[in-house]
Amino acid sequence: MTQRRSWLEGWRLLAALTLSLVALSLWIASMRQFEIEGVRMVIRFTARSSLLLFCLAFGAAALARLWPNAWTHWQRRNRRYLGLSFAASHAIHAVAIIAFAKMDPVGFAAATSAASFIFGGIGYTFIIAMSATSFDRTAALIGPRAWRALHLVGGYYLWFQFMVSFGMRVPAMPPYAAFLLPLLAVMALRMIAMAAHPRGRTVAAG
């Protein structure tokens, strides 16, 4: 029996999400006349949109295994495009960070550290590598074993980086603890799915 597919799938989904993120980012920046505060608002917005899209992609396989239904099947089918949308969100995030650095070098220096450059750089390296191998041809070039290793290690590294990035703000801004909940939930789902399906370890790489 073939699954009924919606219009918002695959490349259409990626295009719709990317265009929405670009439009929203421009609108947010325009609220402050594209000055530094508007740029910082875009940085915060894209950090949160990236978190949401990452969790949707990172938990797709586990959810489809544990609760198979129309939504989770859609999410699982479109995991690649949700992941690429996450990469698009973080690309906008990077553009906003660069703009922040150029517009307010003193403020940028105060808001960053050597550790943020190092660990953030590693994160972006994983995002680029995972995005580049999210296509059938490039995935075939590196082989299934290398692909699984890259996406497994990269996925868990990015999960950890989100936990640290949002978690370190909790002491000063307790509401930021809410952003840790989807990260903890998606990790719990993956662990439960692996325990429930010990032979389906490929869920860990999704």
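Located above this text is the structure these notes cover.
Everything in this summary refers to the structure shown in the same document. As the structure is a prediction and not an experimental result, all values here were calculated from the model. (Residues numbered from 1 in each chain as written. Predicted model: local features only at pLDDT ≥ 70, side-chain atom pairs only at ≥ 80, totals over all residues. Heavy atoms only, no water.)

## Overview of a nonpolar patch on the surface
So, step 1. On the surface, a cluster of nonpolar side chains totalling about 270 Å² of accessible area is made up of Val22, Leu26 and Phe34.
So, step 2. Looking at the element boundaries, valine 22 is found in helix H1 (residues 10–30). (Patch = residues over 30% accessible without salt bridge, like charges linked within 9 Å, V, L, I, M, F, W, Y side chains within 5 Å. Areas by Shrake-Rupley, 256 points an atom, 1.4 Å probe, with all protein chains shown as cover. Salt bridge = Lys/Arg side-chain N within 4 Å of Asp/Glu carboxyl O. Helix = DSSP H or I, 4+ residues; strand = E, 2+ residues; numbered from the N terminus.)

## Looking at the pattern of salt bridges
So, step 1. Summed over the entire model, instances satisfying the criterion amount to 3 salt bridges.
So, step 2. With a shortest N-O distance of 2.8 Å, arginine 80 and aspartate 136 are connected by a salt bridge. One end of the pair, arginine 80, is in helix H5 (residues 79–103); the other, aspartate 136, is in helix H8 (residues 136–142), and 56 residues separate them in sequence.

## Focus on the packing of aromatic side chains
So, step 1. Scanning all chains against the criterion turns up 15 aromatic pairs.
So, step 2. When the centroid spacing of 5.1 Å and the interplanar angle of 35° are considered together, the rings of phenylalanine 166 and phenylalanine 179 count as tilted. Here phenylalanine 179 lies in the loop between helix H9 (144–167) and helix H10 (180–196) and phenylalanine 166 lies in helix H9, a separation of 13 residues in the sequence.
So, step 3. Since its relative accessible area comes to 5%, phenylalanine 166 is described here as buried.
So, step 4. On the basis of relative accessible area, phenylalanine 179 is assigned to the partly exposed category, the value being 21%.
So, step 5. A network of ring pairs unites the aromatic residues Phe54, Phe58, Phe86, Tyr156, Phe162, Phe166, Tyr176 and Phe179 as a single cluster.
So, step 6. When the ring centre of phenylalanine 58 is taken as origin, the NZ or CZ atom of arginine 190, which lies over that ring, is 3.9 Å away. (Phe/Tyr/Trp six-rings, centres within 6.5 Å; stacked < 30°, edge-to-face > 60°. Buried < 20%, exposed > 50% of the residue type's maximum accessible area, 1.4 Å probe, protein only. Lys NZ or Arg CZ within 6 Å of the ring centre and 35° of its normal.)

## Thoughts on the packing of helix H4 (residues 70–77) against H5
So, step 1. Relative orientation of the contacting elements H4 and H5 amounts to 65°, with a least axis distance of 4 Å. Between H4 and H5, the contacting residues are Gln75, Arg76 and Arg77 on the first element and Arg79, Tyr81 and Leu82 on the second. (Axes fitted to C-alpha atoms, helices over the stretch in contact; angles between N-to-C directions. Contact = heavy atoms within 4.5 Å.)

## Observations regarding H9
For the α-helix, the turn length of 3.6 residues means that residues three or four positions removed from each other point alike.
So, step 1. Taking 1.5 Å per residue, 24 residues should reach 34 Å; H9 reaches 34 Å between its end C-alpha atoms and fits that length.
So, step 2. Considered for burial, the residues of H9 that qualify are Leu150, His151, Gly154, Gly155, Tyr157, Leu158, Trp159, Gln161, Phe162, Met163 and Phe166.
So, step 3. Looking at the buried positions of H9, the neighbouring elements they touch are helix H2 (36–58), H5, helix H7 (114–132) and H10. (Expected span 1.5 Å × (residues − 1).)

## Things to note about the side chain of glutamine 75
So, step 1. Assignment of secondary structure puts glutamine 75 in helix H4.
So, step 2. Judged by relative accessible area, glutamine 75 falls into the buried class, the value being 1%.
So, step 3. A polar contact of 2.7 Å, which involves the side chain of glutamine 75, links it to the backbone oxygen of leucine 56.
So, step 4. Excluding residues within four positions of it along the chain, glutamine 75 makes contact with Leu56, Gly59, Ala60, Leu63 and Leu82. (Polar contact = N/O pair within 3.5 Å; in protein donor to acceptor, adjacent residues only side chain to side chain.)

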